[in-house]
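Residue-level structural notes
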Amino acid sequence: MNKKSVVLGVGGYLPKKILTNEELARRVDTSDEWIVQRTGIRQRHIASEDEFTSDLAEKAARDALNNAGLSTNDIDLIIVATATPDMTFPSTASLVQQKLGITQGFAFDLQAVCSGFLFALATADNYLKTGMAKRALVIGAETFSRIIDWNDRTTCVLFGDGAGAMVIEATDVSEHGDRGVLASSLRTDGRHWKKLYVDGGVSSTGTIGHLRMQGREVFKHAVGMIFDVVEDVFEKTGFHGDDLDWFVPHQANKRIIDGAGKKLKIAPQKVVVTVDIHANTSAASVPLALAVASKDGRIKQGDLVMLEAMGGGFTWGASLIRW
Ligand code: UT7
């Protein structure tokens, strides 16, 4: 293959309504102190009743296109990573395509829960490298507020709504130096599904269901799984923790982020953290963090950036990008 995928822009969107820990403490038996100490989360954004996943995704996509200096006409592939689609079908990606006024190319959803963006990026990268598409919008978009059991203090404090997007372009290997997606690693182990799942679905209960999680069990596996995929990407590329300019992890829990960073020997100042202000936005968390760190000038062209995520399935993955 003589093509690679170069990042042209990133964008994000967060619903206006902010829900603080103090507000949650008035609804369930919790406290700002417990949430901050155990997770690092201070607030989360919540979509309004008439705001759907496709609306969040559309806004993040427009922001990314604007950041890339491109128009909707330039896109011929849209992948939306989401576990909270607007409808059972059509795909949220079809709705996003329609909202963006795009009629060329193809669009589909991908479901890998919190690792969704990593799975979508690796998928889009392969479409671009094999010549099936030229420019892709890779989006992570979620409205987890719709599947949260707001009476369950062990989960309702953890999640938020939002969307993040990235535009990547197929480029000849000889162009742009070594910029582009350098390598990815994806894993799934379905034996763990009961540790993090939604207790409803089209084919089983005919209901939407609520998120259920054995938090401690997920926590126990998270750091090791993240370490494995990141190390796999380092092995494929020959880079090490020291070479990274930025580490952009899935934003589930500050303690998991710190644990992974330490195990991978990545200096804390190179780690992008947004979990305090976004909470866990599932598939949106990594592209949202990228949008924040790129817009505030931290991530610059030429930087070496490692992305990773782990979540329901279990699924986990990592990607190394020369920005
Ligand atoms: O994005 C996908 C993956 N998801 C994750 O990565 C989440 C992974 N798990 C975690 O982040 C952590 O396990 C949690 C933040 C969910 C929980 O933290 P923990 O340190 O593992 O706490 P725990 O579940 O062991 O609970 C400790 C105590 C329990 O009380 P007892 O049994 O010790 O009396 C809980 O009932 O904290 C209690 N607790 C709470 N207390 C106040 C649980 N939730 C709350 C709460 N407020 N919201």
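Each remark here, short or long, concerns the structure printed above.
None of these values were measured; they are calculated from a predicted model.

Two elements in contact, helix α3 (residues 53–68) and helix α4 (residues 92–100), have axes whose closest approach is 9 Å; the angle formed by their N-to-C orientations is 55°. With respect to their mutual orientation, α3 and α4 come out oblique. With respect to the hand of their crossing, α3 and α4 are arranged in right-handed fashion. In this structure, α3 contributes T53, S54, D55, A57, E58, A61 and R62 to the contact, and α4 contributes T92, L95, V96, K99 and L100.

Along the chain, the position of E308 falls in strand β12 (residues 304–311). K254 provides the closest opposite charge to the buried, unpaired E308, separated from it by 12 Å. For E308, the contacting residues outside a window of four places in its chain are L118, I226, V230, F247, V248, P249, H250, A260, V286, G317 and A318.

If you check helix α5 (residues 116–129), its first and last C-alpha atoms are 20 Å apart, about what 14 residues at 1.5 Å a residue would give, namely 20 Å. Of all 14 residues in α5, 10 are buried, a share of seventy percent or more. G131, located one to two residues past α5, shows a positive phi value of around 85°.

Quick look at the sheet that holds strand β13 (residues 315–322) now. The strand order across the open sheet formed by 4 strands is β8-β13-β12-β11, and the pairing between neighbours is mixed. A single partner strand is all that each edge strand has here, and the edge strands are β8 (180–188) and β11 (246–249). Across the sheet, the mean angle separating the axes of adjacent strands is 10° when strand polarity is ignored. Here β12 runs beside β13; their pairing, made up of 8 bridges, is antiparallel.

Looking now at the packing of helix α7 (residues 215–237) against helix α8 (residues 254–263). The contact between α7 and α8 brings their axes to 9 Å, and the two run at 35°. For α7 against α8, the interelement crossing comes out right-handed. Packed against α7, whose contacting residues are F219, A222, V223, I226 and F227, the element α8 presents R255, I256, G259, A260 and K263 at the interface. Residue classes in the contact of α7 with α8 are distributed as 7 nonpolar, 1 polar and 2 charged.

So, about the site of the ligand. The ligand sits among 24 residues. The nearest are T30, R153, R216, N253 and N280. Taking R153, its main chain carries an N or O atom lying 2.8 Å from a nitrogen atom of the ligand. Within the side chain of R255, an N or O atom sits 3.2 Å from an oxygen atom of the ligand. Relative to its free-state accessible area of 950 Å², the ligand is covered by the protein chains to the extent of 77%. Listing elements by their share of the shell around the ligand, those giving two or more residues are α2 (32–39), α6 (153–156), α7, α8 and β12. In terms of residues, the shell around the ligand owes the most to one element, α7, which gives 4 residues. In the shell around the ligand, the residues fall into 11 nonpolar, 8 polar and 5 charged. Split by domain, the residues of the shell around the ligand number at least three in each of domain 1 (3–172) and domain 2 (180–322).

Here is what the cut-offs are and how they apply
- Residues numbered from 1 in each chain as written.
- Predicted model: local features only at pLDDT ≥ 70, side-chain atom pairs only at ≥ 80, totals over all residues.
- Heavy atoms only, no water.
- Axes fitted to C-alpha atoms, helices over the stretch in contact; angles between N-to-C directions.
- Helix = DSSP H or I, 4+ residues; strand = E, 2+ residues; numbered from the N terminus.
- Parallel < 35°, antiparallel > 145°, perpendicular 65-115°, else oblique.
- Left-handed = near helix turned anticlockwise from the far one by under 90°.
- Contact = heavy atoms within 4.5 Å.
- Buried < 20%, exposed > 50% of the residue type's maximum accessible area, 1.4 Å probe, protein only.
- Lys, Arg positive; Asp, Glu negative; His and termini not counted.
- Salt bridge = Lys/Arg side-chain N within 4 Å of Asp/Glu carboxyl O.
- Expected span 1.5 Å × (residues − 1).
- Pairing = 2+ DSSP bridges.
- Nonpolar A, V, L, I, M, F, W, Y, C, P; charged D, E, K, R; others polar.
- Near = heavy atom within 4 Å.
- Polar contact = N/O pair within 3.5 Å; in protein donor to acceptor, adjacent residues only side chain to side chain.
- Areas by Shrake-Rupley, 256 points an atom, 1.4 Å probe, with all protein chains shown as cover.
- Domains from an automatic or database assignment.

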